[in-house]
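Architecture and fold: a report
Listed below, chain by chain, are the residues.
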Amino acid sequence: MTDPQSPISTLKFESLAVHAGTQADPGTGAVMTPIYQTSTYAQVDVGVHRGFEYSRTDNPTRSALQTALATLEGGRYALAFASGMAATDTLLRLVKPGEHVVCGNDVYGGTYRLFDKVLAEYGLEFSFVDASDLQALQMALRAETRLVWLETPTNPLLRLTDISMAAEMAHRAGAWLAVDNTFASPALQQPLALGADFVVHSTTKYLGGHSDVVGGAIVLNDEAAYERLKFLQNAIGAVPGPQDCFLVLRGIKTLALRMERHCINAVRVANFLEEQPRVAQVIFPGLVSHPQHGLAQQQMRGPGGMVSFIMAGGEAAARVVARETRLFTLAESLGGVESLIELPAPMTHASVAGSPLAVDAGLVRLSVGIEHADDLLSDLAQALQKAGE
Ligand SMILES: *Cc1c(COP(=O)(O)O)cnc(C)c1O
């Protein structure tokens, strides 16, 4: 249990989601991994312990979660963090001052803020490019490029990058490829199998799945990079508490089931929105109108639960829709069982306002939950109606 190295398993994803990382507690037989709410561990002799000495370094509940995360992403190692941003920050410590990072220009606003407003002050150089355009990605690579950072699908424009091609390009340039897999989750996409070196997650979203915990993770295969990141996890200390690890672990058990329903509902919602005259454009990888629909089908096992759309009436109309939905709660975040609605420009992406990454003010982002699709469509219909009044 102390070694996060995952067992090579022949189980299907749905079964792994239920069982990965979980084994009956050796002390009591408890079927669910206990919340080891302890900071320290009794040593049997000076410096002799049973794999755990201090909970910043290792905690059994966290170890179980790390094993589960590694298994689901098909990686050898996983490290859990206090948030997605903590995972991202720790990973970026592999890049040294003077080195260069190529980053997709449509990434999570907080990622852009960390790179542009914090890490750039420590001598890291960043280029932000449209990573769905492989030629633009290639052009941005330099001799000093150490890392390529992608989200696919991106947030909030749901653009895709061909992960295999991007990995090949990064590796030819002597750089690593990191993929923020938060939007797809390992149920729909496994970047390590496609050549990525690191998968990063905000486990706050689909992995946790119930909007009740904030967490993050890094999953990888390379042993040397793992040893360094494990050292950094302990040295920096942005670790999750055992209760939070338990919540993510519990959420993971239903990941496959939830993602199935998220995808089915999102398809219904996207098709419905495409027929609405007050909606100028619907952005969803599951629609044939999505410019990368083919890549989505090839790279992902489902289109995901995120749907973005642009109101014909611009920001004013978007604000009415966001205010008037009842079942879709007006809130930031995503990936929970309940449906959420938000306007990226003034909310999640306020940190990129005025930058080249700024998004359309009439853009609405939905995190489609697992309620009955009929109820979701009725709710959107009445809100769109009000936007036309
Ligand atoms: C939420 C999110 C993050 C940041 O994760 P936190 O857990 O909020 O720190 C990073 N990337 C994506 C795609 C996200 O949605």
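Residues numbered from 1 in each chain as written. Predicted model: local features only at pLDDT ≥ 70, side-chain atom pairs only at ≥ 80, totals over all residues. Heavy atoms only, no water.

Things to note about the pairing of strand β1 (residues 77-81)
- Most of β1 is tucked away, with five of its five residues classed as buried.
- Of the two faces of β1, both are covered, the one formed by Tyr77, Leu79 and Phe81 as well as the one formed by Ala78 and Ala80. (Buried < 20%, exposed > 50% of the residue type's maximum accessible area, 1.4 Å probe, protein only. Helix = DSSP H or I, 4+ residues; strand = E, 2+ residues; numbered from the N terminus.)

Quick look at the domain arrangement of the protein chain
- Domain parsing of the protein chain yields domain 1 (11-252) and domain 2 (255-387).
- For domain 1 and domain 2, the distance between their C-alpha centres works out to 26 Å.
- Facing 42 residues of domain 1, the contacting portion of domain 2 comprises 40 residues.
- Taken together, the connections running from domain 1 to domain 2 amount to zero salt bridges.
- Remark: the boundary between domain 1 and domain 2 carries 15 residue pairs in polar contact (both at pLDDT 80 or more).
- The set of elements that each furnish at least two residues to the side of domain 1 that touches domain 2 consists of α1 (13-19), α4 (109-118) and α8 (242-252).
- The biggest single contributor to the side of domain 1 that touches domain 2 is α4, with four residues.
- Its residues assigned to classes, the side of domain 1 that touches domain 2 comprises 20 nonpolar, 16 polar and six charged. (Domains from an automatic or database assignment. Contact = heavy atoms within 4.5 Å. Salt bridge = Lys/Arg side-chain N within 4 Å of Asp/Glu carboxyl O. Polar contact = N/O pair within 3.5 Å; in protein donor to acceptor, adjacent residues only side chain to side chain. Nonpolar A, V, L, I, M, F, W, Y, C, P; charged D, E, K, R; others polar.)

Observations concerning the site of the ligand
- The local shell around the ligand holds 14 residues, among which Gly84, Asp180, Ser202, Thr204 and Lys205 are the closest.
- In this structure, Thr204 approaches the ligand through a side-chain N or O atom, which is 2.7 Å from an oxygen atom.
- Notes on the ligand: free accessible area 380 Å², of which the protein chains cover 92%. (Near = heavy atom within 4 Å. Areas by Shrake-Rupley, 256 points an atom, 1.4 Å probe, with all protein chains shown as cover.)

Some words on helix α2 (residues 60-73)
- Under the 1.5 Å per step criterion, the end-to-end length of α2 is 20 Å for 14 residues, consistent within 8% with the ideal 20 Å.
- Extensive coverage of α2 is indicated by the burial of 14 of its 14 residues.
- Phi turns positive, to about 65 degrees, at Gly74, one or two residues after α2. (Expected span 1.5 Å × (residues − 1).)

Structural notes on the sheet that holds β1
- Here we have seven strands laid out as an open sheet, ordered β1-β7-β6-β5-β4-β2-β3, and mixed in their pairing. Looking at strand neighbours, the two that pair on one side only are β1 and β3 (125-129), the edges of this open sheet. Strand-to-strand, the axes of this sheet are offset by a mean angle of 20 degrees, without reference to chain direction.
- Inspection of the sheet shows β1 paired to strand β7 (residues 216-220) by five bridges, in the antiparallel sense. Bridge pairing links Phe81 to Gly216 in β7.
- Packing against the sheet, α4 makes contact with β2 (100-104), β3 and β4 (145-151), and its axis sits at approximately 140 degrees to β3.
- Running at roughly 150 degrees to strand β5 (residues 176-180), helix α6 (residues 163-172) makes contact with β4 and β5 of the sheet. (Pairing = 2+ DSSP bridges. Axes fitted to C-alpha atoms, helices over the stretch in contact; angles between N-to-C directions.)

Side note on the nonpolar core
- In this structure, Phe13, Leu65, Leu69, Leu72, Ile252 and Leu255 are the most contacted members of the largest nonpolar core, which totals 44 residues.
- Among the secondary structure elements, those contributing two or more residues to this core are α1, α2, β1, β7, α8, α9 (255-274), α10 (293-299) and β9 (306-311).
- Viewed by domain, this core spans two of them, domain 1 (11-252) and domain 2 (255-387), each represented by three or more residues.
- Ignoring any residue separated from it by four or fewer positions in sequence, one finds Leu255 in contact with Phe13, Leu72, Ser185, Pro186, Ala187, Tyr206 and Leu207.
- Formed by 31 residues, the second largest nonpolar core is a distinct cluster that contains Tyr112, Leu114, Leu147 and Phe198. (Core = buried A, V, L, I, M, F, W, Y, C linked by side-chain atoms within 4.5 Å.)

Side note on the pairing of β4
- Burial of β4 is extensive: six of the seven residues sit out of reach of the surface.
- In this sheet, β4 lies alongside β2 in parallel orientation, the contact comprising four bridges. Bridging across to β4, Cys103 finds its partner in Trp149.
- Pairing geometry for β4 and β5, over five bridges, is parallel. From the neighbouring strand, Leu147 faces β5, where its bridge partner is Trp176.
- For the crossover that starts at β4, traverses α6 and ends in the parallel β5, the hand is right-handed. (Right-handed = clockwise from strand over helix to strand, strands pointing away.)

Quick word on the environment of Glu151
- Along the chain, Glu151 turns up in strand β4.
- A relative accessible area of 5% places Glu151 in the buried class.
- Sequence separation between Glu151 and Phe284 is 133 residues, and the spatial gap between their C-alpha atoms is 15 Å.
- Discounting chain neighbours no more than four positions away, the residues touching Glu151 are Asp106, Val107, Tyr108, Thr111, Arg159 and Asp180.
- Of note is the side chain of Glu151, whose polar atom sits 2.5 Å from the backbone nitrogen of Tyr108.
- Looking at Glu151, its side chain comes within polar contact range of the main-chain nitrogen of Asn155, at 3.5 Å.

A closer look at the side chain of Asp89
- Residue placement: Asp89 occurs in helix α3 (residues 84-92).
- A residue is classified by how much of its surface remains accessible, and Asp89, at 14% relative accessible area, is buried.
- For Asp89, the contacting residues outside a window of four places in its chain are Leu114 and Leu119.

Comments concerning unusual backbone geometry
- Here the bond from Thr152 into Pro153 is cis, since omega is 0 degrees, no more than 30 degrees from zero.
- Here Pro153 lies in the loop between β4 and α6.
- The phi angle at Leu158 is positive, at roughly 55 degrees, despite the residue not being glycine.
- Mapped onto the secondary structure, Leu158 falls in the loop between β4 and α6.
- With phi around 70 degrees, Ser185 is a residue other than glycine that occupies positive phi space.
- Tracing the backbone shows Ser185 in the loop between β5 and β6 (198-202).
- For Ser185, a relative accessible area of 0% puts it in the buried group.

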